[in-house]
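Given next are the chains, with one letter for each unit.
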Amino acid sequence: MVLVWLILILFLGGVIAWMADHIKLGDPRWVAIATLLIAALMLLSYTFSLGATISIGGQDWLASIKVPWISRFGIQFILAMDGLALLMVLLTLFLGVIAVLSSWSEIAERSGFFHFNLLWTLAGVVGVFTALDLFLFFFFWEVMLIPMYFIIAIWGHENRIYAAIKFFIFTQASGLLMLLSMVALVYFHHQNTGQLSFSYFDLLGSSRTGAPAFWLMLGFFIAFVVKLPGVPFHTWLPDAHTQAPTAGSVILAGILLKTGAYGLIRFCLPLFPDASIEFAPTAMILGVVSIIYGAAVAFAQTDVKRLIAYTSISHMGFVLLGLYAFNAQGYQGAVMTMLAHGMTSAALFAFAGAVQHRIHTRDMREMGGFWSSAPRMGAIVLFFSIAALGMPGLANFIGEFLVLVGAFKANSWITVFAVIGLVLAPVYSLLVIQRIFHGKPLVAKEIGDFSSREILMMGLMMLVTIGLGLYPQPVMEIVSTGLQYSGL
Amino acid sequence: MTIEQLVALLPMMIVTAISVVVMMFSAFVSTHRLLNSLSLLGLALALLSLLLAVKVAPIQVTPLILIDRFALFYSGLVLAAGAVVILLSYDYFESSEERTIRVAEYYILLLVAILGGMVLVSASHFAAFFIGLELLGVSLYVLVAYLAPTRLGRLTSLEAGVKYLILSGVASALLLFGIALLYAEFGTLSFIELGRHWQNPEVLNGLFAAAGIGLLLAGVAFKLSLVPFHMWTPDVYEGAPAPSTAFVATVSKGAIFAFLLRFFATTGAFENEMICYALALIAIASMLGGNLLALLQPNVKRILAYSSIAHIGYLLVAFLAASTGKVGTDLVSEAVSFYLVAYFVTTLGAFAVICVLSNNDGQRDVDQLADYRGLFWRAPWLASILTAMLLSLAGIPLTVGFIGKFYVFTLGIEGLLWWLLAALIVGSAIGLYYYLRWIVQMFMQPESQHEGTTGGAVIISLPGYFALLVLAVSLFWLGVYPPPLINLIQTITSL
């Protein structure tokens, strides 16, 4: 039941935030923060009350609920949480708080409706991370799109309508492919075993080899790779990230991209093991292409948010590479990269939003020499840039290192090319610092430094990044218990 | 005529009676409110009498009409849709002096059209089919052109009416010719008898039979506005008054599709490859054509017209699953019925919003995209309902439209209709664009100088509120918890 409460609290919080603004009885921002903190506290107290079962691989699922829904099709309402899902949900709630903090002063109009959409997106994402009935998963997959679409379309920047519609159509079209694969999978399972069920647990057992399995796997793969995003399905991302308001970008980069990777881990790989292994070289090559292409194109950007968006493509290429290496290091590395990238890209987008809020431009050609007027901002952004490029001691390094070790074991030549990404990463990371903080001021002479709210927000993320970088073992144990069930 | 047969005919008799009653009243006491309430009362009585008729179903009443649970379910659907249209018509016609001219004939013709729909879904003989078709069609000719005589009727209303009259007349002629050819070949007009003749699929490849079937399908495809017989749809939707458009979009198409389903199931036409191949091509053309043509439309009613073409195309995918031999007709019937319910709810909802907005503007139908700009900030609930309806048309989860689309997907996969499914996915993706464009318009900031009466707050009266509430609640309830409706449909689907 705790899972249902989690989602319900977020839904209700959104409604309350909107009402609070509508009847002028409260501040929707505080309502949003309160909602997220209540949800997080509830989740944490529940998991700690379970005791040490998180780190011992004995119990498969930390929480679950299973209720018949549309029995005509064998559809049930199944929510369940394992270690991986727990980490993802905690990341979601944490970044939700960051998102609200980052757009504290940015959303002037219709603030209640904005936070309503924000909380409903997060509720949809929590649903995606915990749904284990394929129909329900698709349900939440689509539902998390709509509030995000509104966030981009209403509060975004100059080209927001185009970006929002593109974002929606890409995800929806690929989602329909996934629906096709999903229904076909259930149908074939029904043909083979006589059991009509959309439940993950039932479908996991049936083995499928041969051409049909490959096409079904491809349907799922395309849907998740569009979200990830992997080249060549990535074209929605630069526009969506650039045009979204700050909180939107934080949620998009920090969490929504992770739903694609989560889908691969939870559904695509375990449901189609043979087809996935067959497809692995192609997938790994796609990962490497994303790494290098993302990094190279990032270097050429003048719009700071667009640059960070392309670096997201590059980092998620590491995730794709690690997952299809099919060994423990690859998976651990991929999950660690997901968490680390969530932190760093959220922080960088929050920074970009802060800059845009101050000088009303994202063009780096108009920035320069900000270090003297905003040293704290400079130091914090330097920290996150160094984290993004993979400095040991910080979380991203753990992820990238493990991914490369795992991928090398699987296919050494592809890994050689992936390592080039390690060289390109400092180029774009330090470029950001150099262009914005060093050198001569170009147009904007000065910039206000970070306020205490922004330092609090960044400080929290810095702590997590350092913590994960120095002591990742607990997280890796939590993840490994989760991956066990899926047979990975 | 036995007592049972009379009870089975009770719904139709009530509708007939009430139309005569309205006609009598209109001669003496022609207040709009009275006529509207009488019509609603009659429809409510007819709906209640369905419960009585269910007890005697199935029963053959004259060789022409078969009252079984299928017919009663669809009669109920037609009656409910008609009731919603009447609810919406009240304020629409009340909102302007000029619209209230001769409003009595509107209700009479609407009731006759509903009767025609009920006959169509119960038809088991070509004569009944044609009677129902003409009852529905001829009434619609006038309903579509209803605003033409008024000063504000705009030429589009007259154009729509004349276009519909002529083209529909041609379609009816084609249908008659097809039926005549089939009679010449097989010597019977009853579906069951035809089914016996068609046990051997080869028999349909003869000249008369093939031509007859072809002409029949052409006429039916016209009524269903399938590509390439769809040319009348956007103009008629645009020109007709909004409640009439709602009626044409839902009852007219739904009743014909129900007939098609019954015809194919009873006569076994699913086994003929040639027919099903032709239908498949038409389906793909409709799904792609309907969505592509809607992309650049600035007129909201035309967008809905083209989207309805696409939706009937989607419905045909489920329909054609029966032709593969892998899916039973009861499953197809279940899917088609659910999709039609979803389609009815969604379409009526979208048109309800258009009607309500047009009530506030007594001069014209609010059908330009630009009129919807910033609607969310003026009338949040109305815009939210319209958004929900559009998302349902696009097939987004949480709405009943998604469950319908899911049914179509399931049947397509069970029938292994890969090309049709590909067209379905491509069509849906294309369709998203114009739905999203409309939704985005509602959330944009309104321009500072916005002339016209749609700039102020929107006033919705009681009938409108009621209709919108029922439709919105159905949309979400059936989208999140469809089992009750599914169970109901499963009881009717033994054809």
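Residues numbered from 1 in each chain as written. Chains lettered and ligands numbered in written order. Predicted model: local features only at pLDDT ≥ 70, side-chain atom pairs only at ≥ 80, totals over all residues.

## Some details on the overall build of chain B
Broken down by element type, chain B carries 20 helices and two strands. Against the globule reference of 23 Å for 495 residues, chain B gives a C-alpha radius of gyration of 22 Å, in line with a compact fold. Long-range pairs, those at least 24 residues apart, make up 80% of the contacts in chain B between residues at least 6 apart in sequence. (Helix = DSSP H or I, 4+ residues; strand = E, 2+ residues; numbered from the N terminus. Rg over C-alpha atoms; globule rule 2.2 N^0.38 Å. Contact = placed C-beta atoms within 7 Å.)

## What to know about the overall build of chain A
Per the secondary structure count, chain A includes 19 helices and two strands. A globule of 488 residues ought to have a C-alpha radius of gyration of about 23 Å, and chain A, at 21 Å, matches this closely. Overall, chain A is about 70 × 60 × 45 Å in size when its C-alpha atoms are taken along their principal axes. Each of the 488 residues in chain A was classed as buried or not, and the buried ones make up 59%. Contacts in chain A between residues far apart in sequence, at least 24 positions, make up 80% of those at least 6 positions apart. (Buried ≥ 20, exposed ≤ 12 C-beta atoms within 10 Å, placed from the backbone.)

## Observations regarding the interface of chain B and chain A
Across the contact, 20 residues belong to chain B and 24 residues belong to chain A. Put simply, the parts of the chain that give the side of chain B that touches chain A at least two residues each are helix H17 (400-414), helix H18 (418-443) and helix H20 (483-492) of chain B. The greatest single-element share of the side of chain B that touches chain A, amounting to nine residues, is contributed by H18(B). Looking at the side of chain B that touches chain A, its residues break down into 17 nonpolar, two polar and one charged. (Nonpolar A, V, L, I, M, F, W, Y, C, P; charged D, E, K, R; others polar.)

## Some remarks on the packing of helix H6 (residues 145-155) of chain A against helix H7 (residues 160-193) of chain A
All names here are of chain A. Where H6 contacts H7, the two axes come as close as 8 Å, and the packing angle between them is 165°. Considering their axes alone, H6 and H7 lie roughly antiparallel with respect to each other. As for how H6 packs across H7, the hand of that crossing is right-handed. Mapping the contact onto sequence places Leu145, Tyr149, Ile152 and Ala153 in H6 and Arg160, Ile161, Ala163, Ala164, Phe167, Phe168, Thr171 and Gln172 in H7. Class assignment for the residues of the contact of H6 with H7 results in nine nonpolar, two polar and one charged. (Axes fitted to C-alpha atoms, helices over the stretch in contact; angles between N-to-C directions. Parallel < 35°, antiparallel > 145°, perpendicular 65-115°, else oblique. Left-handed = near helix turned anticlockwise from the far one by under 90°.)

## Some words on the domain arrangement of chain A
Residues and elements named next belong to chain A. For chain A, the assigned domains read domain 1 (1-51 + 61-263) and domain 2 (272-488). Centre-to-centre separation of domain 1 and domain 2, based on C-alpha positions: 22 Å. Opposite the 39 residues of domain 1 that make contact, domain 2 presents 43 residues. At the level of secondary structure, the elements contributing two or more residues to the side of domain 1 that touches domain 2 comprise helix H3 (83-102), helix H9 (211-227), helix H10 (236-243) and helix H11 (246-271). Ranked by residues supplied to the side of domain 1 that touches domain 2, first place goes to H3 with ten residues. (Domains from an automatic or database assignment.)

## Considering helix H12 (residues 273-299) of chain A
In this model, H12(A) (27 residues) spans 37 Å end to end at C-alpha, consistent with the 39 Å of a helix rising 1.5 Å per residue. For H12(A), the principal kink sits at A:Ala280 and spans about 55°; a proline, A:Pro281, occurs within the next four residues. (Expected span 1.5 Å × (residues − 1). Bend = angle between axes of the 7 residues up to and from the residue.)

## Thoughts on the nonpolar core
Grouped together as the largest cluster of nonpolar side chains are 394 residues, with contacts concentrated most on B:Leu110, B:Ala318 and B:Tyr339. Among the elements that take part in this core, helix H14 (residues 329-360) of chain B stands out by supplying 21 residues, more than any other. A domain split of this core shows at least three residues from each of domain 1 (1-51 + 61-263) and domain 2 (272-488) of chain A. (Core = buried A, V, L, I, M, F, W, Y, C linked by C-beta atoms within 7 Å.)

## Description of the environment of A:Phe221
Positionally, A:Phe221 belongs in helix H9. Counting along the chain gives 48 residues from A:Phe221 to A:Leu269, while the straight-line C-alpha distance between them is 9.1 Å.

## A few points about helix H19 (residues 462-480) of chain B
All names here are of chain B. With 19 residues, H19 should reach 27 Å at 1.5 Å per residue; the first-to-last C-alpha distance of 27 Å fits that figure. Where H19 is concerned, the buried positions are Pro463, Gly464, Ala467, Leu468, Leu471, Ala472, Leu475, Leu478 and Gly479. Down the axis of H19, the buried set is contained in an arc of 155°. They therefore lie on one face. In H19, the exposed positions angled more than 90 degrees off the buried face are occupied by Leu462, Leu469 and Val473. (Arc of directions from axis to C-beta.)

## Some words on the packing of helix H2 (residues 10-28) of chain B against helix H3 (residues 32-56) of chain B
Residue and element names in this part refer to chain B. Close contact between H2 and H3 brings their axes to 8 Å; oriented N to C, the two are set at 165°. Between H2 and H3, the angle falls in the class roughly antiparallel. For the element pair H2 and H3, the recorded crossing hand is right-handed. Within the contact between the two elements, H2 uses Leu10, Pro11, Ile14, Val15, Ile18, Val21, Val22, Phe25 and Ser26 and H3 uses Leu34, Leu35, Leu38, Ser39, Gly42, Leu45, Ala46, Ser49, Leu50, Leu52 and Ala53. Each residue belonging to the contact of H2 with H3 can be placed in one class, and the counts come to 16 nonpolar, four polar and no charged.

## Notes on the environment of B:Ile192
All names here are of chain B. Among the secondary structure elements, isoleucine 192 is positioned in helix H8 (residues 191-197). Overall, isoleucine 192 belongs to the partly exposed group, with 14 C-beta atoms counted inside 10 Å. Along the chain, isoleucine 192 and leucine 207 lie 15 residues apart, while their C-alpha atoms are 21 Å from each other. In this view, isoleucine 192 contacts Ser124 and Thr266; residues no more than four positions away in its chain are not counted.

## With respect to the pairing of strand E1 (residues 63-70) of chain A
Residues and elements named next belong to chain A. Sheet topology places E1 next to strand E2 (residues 75-81); seven bridges connect them, and they run antiparallel. Along E2, the bridge assignment pairs isoleucine 65 with leucine 79. Hairpin connection of E1 to E2: four residues between the antiparallel strands, including glycine 74 at a positive phi of 75°. (Pairing = 2+ DSSP bridges.)

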